[in-house]
Amino acid sequence: QVQLVDAGGGLVQAGGSLRLSCAASGFTFSSNNMGWFRQAPGKEREFVAGISASGGITFYADSVKGRFTISRDNAKNTVYLQMNSLKPEDTAIYYCAKAVGGPNLRSVSAYNYWGQGTQVTVSS
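Only a predicted model underlies this, so the values are computations on that prediction, with no experimental measurement involved.

Undergrad: Teacher, can you tell me more about the sheet that holds strand β7 (residues 68-73) here?
TA: With antiparallel pairing, 4 strands are arranged side by side in an open sheet as β1-β3-β8-β7. On the outer flanks of this sheet lie β1 (3-7) and β7, each paired with one strand and no other. The average undirected angle you get between the axes of adjacent strands in this sheet is 15°. Where strand β3 (residues 18-25) meets strand β8 (residues 78-83), 6 bridges bridge the pair, whose relative direction is antiparallel. Paired with Arg 19 across the strands is Gln 82, a residue of β8.

Following this line, the structure appears as structure tokens:
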């Protein structure tokens, strides 16, 4: 069965960095677009970053562009999110997700499997 295991979250001061990882299994990882989303308390889940199956195309939410980098290692079935210059407003639970397709890969509805989430807390 499909499994996505998120890891790497933690507590960091503003301006710091974290690297999240998502280990995938149960499907052909190298054939699937992947994404990272986040959800803060009381807010809806929002798109953070996406990456094509080959890794050649990446796209970001405006709020993280220039600070976050999504990447993948298809040999290790793992997708990463490098987060630099973190801000308190980046505090949320971060989820990786496997895309099922659709015209808008920034939408929650374009993804059909989700990791369990990893907490990122940025202190001011």
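Undergrad: I would appreciate a short explanation of the side chain of Asn 32 in the present structure.
TA: Tracing the backbone through its elements, the reader meets Asn 32 in the loop between β3 and β4 (34-39). Looking at Asn 32, its side chain comes within polar contact range of the main-chain oxygen of Thr 28, at 2.8 Å. Leaving out residues up to four positions away in the same chain, Asn 32 has contacts with Phe 27, Ala 53, Arg 72, Lys 98 and Ala 99.

The rules behind these values
- Residues numbered from 1 in each chain as written.
- Predicted model: local features only at pLDDT ≥ 70, side-chain atom pairs only at ≥ 80, totals over all residues.
- Heavy atoms only, no water.
- Pairing = 2+ DSSP bridges.
- Helix = DSSP H or I, 4+ residues; strand = E, 2+ residues; numbered from the N terminus.
- Axes fitted to C-alpha atoms, helices over the stretch in contact; angles between N-to-C directions.
- Polar contact = N/O pair within 3.5 Å; in protein donor to acceptor, adjacent residues only side chain to side chain.
- Contact = heavy atoms within 4.5 Å.

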